[in-house]
Amino acid sequence: METVIMLYDGITALDAIGPYEVFAATQKCNVKFVAKNKGLIKLDTKMGYLHADYSFSEITMADLLVVPGSSPPNYKTPMNDEETLNWIRKIHETTKWTTSVCNGSLILSAAGLLDGAVATSHWGSFDLLQSLGAIPTDERVVRHDKIVTAAGVSAGIDMALQLVAWEMGEEVSKRVQLILEYDPQPPFDTGSINKAPAPLIEELKGLFERISKNDPEK
């Protein structure tokens, strides 16, 4: 499968690398990192870079598109860039699957792909997702026709494994899961707003609201 992962400055590394590792492990996907301009792409942690080997102008079709998310407010840049949104729309016309991880669904929404659709995102972005015309849900992986959205960060791995199962069969997906030894056993049961204590949720909501008001770093 021709698989394209879109990069932009300020993305969250695992949003892109989690699905990448799953698709690469199948040995049946030709995975390409693409950005508006090829070259180094800054991560939101300021601890490193990913590399876009292709520019938008070089990629005009794909079987599978992945749009990763980012730490607030970095998603604002692609959401407000018409060249990026037009590229997503054009690629979407050719895909079998158009997907997002975390608040990458905000970018799909800005491109007009989630109007009236049930979709997920990082829980901290539900209000904004709804304001853009989608119907938020706290499910971890959500399918709406050929669009598949994943919840925050680590959910991109689950989404990718589900896509592999749909495309290549459950046995292939199970094999990949074992190759990656993906067997989450977190030390705490606070990985969902349905499980985390209310004070922690409110603390993080306040943090997200404050930093979302900032402009993306150039």
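Structural data are supplied above this passage.
Numbering of residues starts from 1 in each chain and follows the order in which that chain's sequence is written. In keeping with the predicted nature of the model, local features appear solely for residues at pLDDT of at least 70, side-chain atom pairs appear and are counted solely at 80 or more, and the whole-chain, interface and lining totals rest on all residues. Each side-chain value is worked out from all heavy atoms of the structure, with water and hydrogens disregarded.

**Student:** Mind showing me how you'd approach the pattern of salt bridges here?
**Tutor:** A side chain with one charge can pair with a side chain of the opposite charge if their charged atoms come near. Whenever a carboxyl oxygen of Asp or Glu lies within 4 Å of a side-chain nitrogen of Lys or Arg, that contact is scored as a salt bridge. This structure, assessed with the given rule, holds 10 salt bridges. Notably, a salt bridge pairs E58 with K38, separated by 3.2 Å at the nearest N-O pair. Here E58, found in the loop between β5 (54-55) and β6 (64-67), pairs with K38, found in the loop between β2 (30-35) and β3 (39-42); they are 20 residues apart in sequence, far enough to count as distant. Relative accessible area decides the class of each residue, using a 1.4 Å probe on protein chains only: under 20% of the type maximum gives buried, over 50% gives exposed, and in between gives partly exposed. Relative accessible area serves as the criterion here: at 40%, E58 is assigned to the partly exposed category. The closest approach of N and O atoms between R89 and E82, which form a salt bridge, is 3.0 Å. Bridged by salt links that share partners, the residues K36, D81 and E83 form one connected network. In DSSP terms, a helix is any run of H or I states spanning at least four residues, a strand is any run of E spanning at least two, and both are numbered starting from the N terminus.

**Student:** What is the right way to look at unusual backbone geometry in this model?
**Tutor:** What you tend to see is this: most non-glycine residues have negative phi, and most peptide bonds are trans. Cis peptide bonds are those with omega within 30 degrees of zero, and the linkage from P72 to P73 qualifies with 5°. Summarising the element assignment, P73 is placed in the loop between β6 and α2 (76-79). Residue E181 is not a glycine yet carries a positive backbone phi of 50°. The exposure class assigned to E181 is exposed, which follows from its relative accessible area of 66%.

**Student:** Is there a simple way to explain the side chain of D44 in this structure?
**Tutor:** Positionally, D44 belongs in the loop between β3 and β4 (49-52). Counting rule applied: Lys, Arg positive; Asp, Glu negative; His and chain ends not counted. No salt bridge is formed by the buried D44, whose closest oppositely charged neighbour, K46, lies at an N-O distance of 10 Å. Under this definition, polar contacts are N or O atom pairs within 3.5 Å; protein pairs additionally need one hydrogen-donor-capable and one acceptor-capable atom, and for neighbouring residues in sequence, both atoms have to be side-chain atoms. A polar contact of 2.6 Å, which involves the side chain of D44, links it to the side chain of S71. Filtering out sequence-adjacent residues up to four positions away, D44 remains in contact with G10, I11, T12, S70, S71 and N74. Contact definition: two residues touch when any of their heavy atoms are within 4.5 Å.

**Student:** When you look at the nonpolar core in this model, what are you seeing that I'm missing?
**Tutor:** If you look at soluble globular proteins, the nonpolar side chains tend to sit buried side by side. To define a nonpolar core, start from buried Ala, Val, Leu, Ile, Met, Phe, Trp, Tyr and Cys residues and group those joined through side-chain atoms within 4.5 Å. M6, L7, F23, W87, I88, I107 and L114 are the most contacted members of the largest nonpolar core, which has 58 residues in total. In this structure, W87 is in contact with V4, M6, V34, F56, I59 and L65, ignoring residues within four places of it in sequence.

**Student:** Would you explain helix α3 (residues 82-92) in this entry?
**Tutor:** Every α-helix carries 3.6 residues per turn, so stepping three or four residues along brings you back to the same face. Every buried residue of α3 is listed here: T84, L85, W87, I88, I91 and H92. The buried residues of α3 all sit within an arc of 160° when viewed along its axis, so they share a single face. The arc in question is formed by the directions pointing from the helix axis toward the C-beta atoms.

Function cannot be inferred from these measures alone, as they are strictly geometric.
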